Amino acid sequence: MAGMHPQTLRQYDRLGLVEPARTPGGGRRYSVRDVTRLREIQRLSQDEGVNLAGIKRIMDLEREVQAVRAEAGAAVEELARELQRARAQLAELQAMAGPFGRTTDIVLWRGEQR
């Protein structure tokens, strides 16, 4: 499916560039995701001239970026929930204050005029 020599696939597996599933007999089984990854490795190697150590570093950095994005997304969701809770508490406190709540309006008073 990837159009690669079996030795190349073994080398990529040894280097940890791809981690195919294994059969009970130890044979490699590549998923569609693995094949896509193999094609990207091949593109980086042949078209971009990146060596295998560089490709491994690129792949590791991409995994890190994905993990950080997922972590940041979770943090943003938690902050949004916290903001929603704070707004609900504020609305509840405003409702408790009712129309007799204190105001900070400034009023100019000139006293009685004759």
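What comes next concerns the included structure. (Residues numbered from 1 in each chain as written. Predicted model: local features only at pLDDT ≥ 70, side-chain atom pairs only at ≥ 80, totals over all residues. Heavy atoms only, no water.)

### Focus: the overall build of the chain
Broken down by element type, the chain carries three helices and two strands. Over its C-alpha trace the chain gives a radius of gyration of 31 Å, far above what one expects of a compact globule, namely 13 Å for 114 residues. Taken over the C-alpha atoms alone, the chain extends approximately 105 × 35 × 20 Å along its principal axes. When burial is assessed residue by residue, the chain has 14% of its 114 residues classed as buried. Contacts spanning at least 24 positions in sequence make up 39% of the contacts within the chain whose residues lie at least 6 apart. Of the charged side chains in the chain, 19 are positive and 16 negative, and the gap between their average positions amounts to 4 Å. (Helix = DSSP H or I, 4+ residues; strand = E, 2+ residues; numbered from the N terminus. Rg over C-alpha atoms; globule rule 2.2 N^0.38 Å. Buried < 20%, exposed > 50% of the residue type's maximum accessible area, 1.4 Å probe, protein only. Contact = heavy atoms within 4.5 Å. Lys, Arg positive; Asp, Glu negative; His and termini not counted. Charge placed at Lys NZ, Arg CZ, Asp CG, Glu CD.)

### Description of the side chain of Asp34
Turning to its location among the elements, Asp34 is positioned in helix H2 (residues 32-46). No salt bridge is formed by the buried Asp34; the nearest opposite charge belongs to Arg33, separated by 5.8 Å. Engagement of the side chain of Asp34 in a polar contact is seen with the backbone nitrogen of Ser31, the distance being 3.0 Å. Apart from residues no more than four positions distant in its own chain, Asp34 is found in contact with Val18, Glu19, Pro20 and Arg29. (Salt bridge = Lys/Arg side-chain N within 4 Å of Asp/Glu carboxyl O. Polar contact = N/O pair within 3.5 Å; in protein donor to acceptor, adjacent residues only side chain to side chain.)

### What about the packing of H2 against helix H3 (residues 52-97)?
Each packed pair of helices is defined by two parameters, the angle between the axes and the distance between the axes. Across the interface, H2 lies against H3 with an axial gap of 10 Å and an inter-helix angle of 130°. Taken together, the axes of H2 and H3 lie oblique to each other. As H2 runs across H3, the sense of the crossing is right-handed. Along its contact with H2, which presents Arg37, Glu40, Ile41, Leu44 and Ser45, the element H3 presents Ile55, Ile58, Met59 and Arg63. For the contact of H2 with H3, a count of residues per class yields five nonpolar, one polar and three charged. (Axes fitted to C-alpha atoms, helices over the stretch in contact; angles between N-to-C directions. Parallel < 35°, antiparallel > 145°, perpendicular 65-115°, else oblique. Left-handed = near helix turned anticlockwise from the far one by under 90°. Nonpolar A, V, L, I, M, F, W, Y, C, P; charged D, E, K, R; others polar.)

### Some points on the pattern of salt bridges
All told, the structure shown has nine salt bridges when counted by the stated rule. For Lys56, the salt bridge is made with Asp60, and the minimal N-O distance between the two is 3.9 Å. Remark: Asp60 and Lys56 occur in helix H3; sequence separation between them is four residues, near one turn of the helix. Accessibility expressed as a relative area gives 31% for Lys56, which makes it partly exposed. We classify Asp60 as partly exposed; its relative accessible area is 22%.

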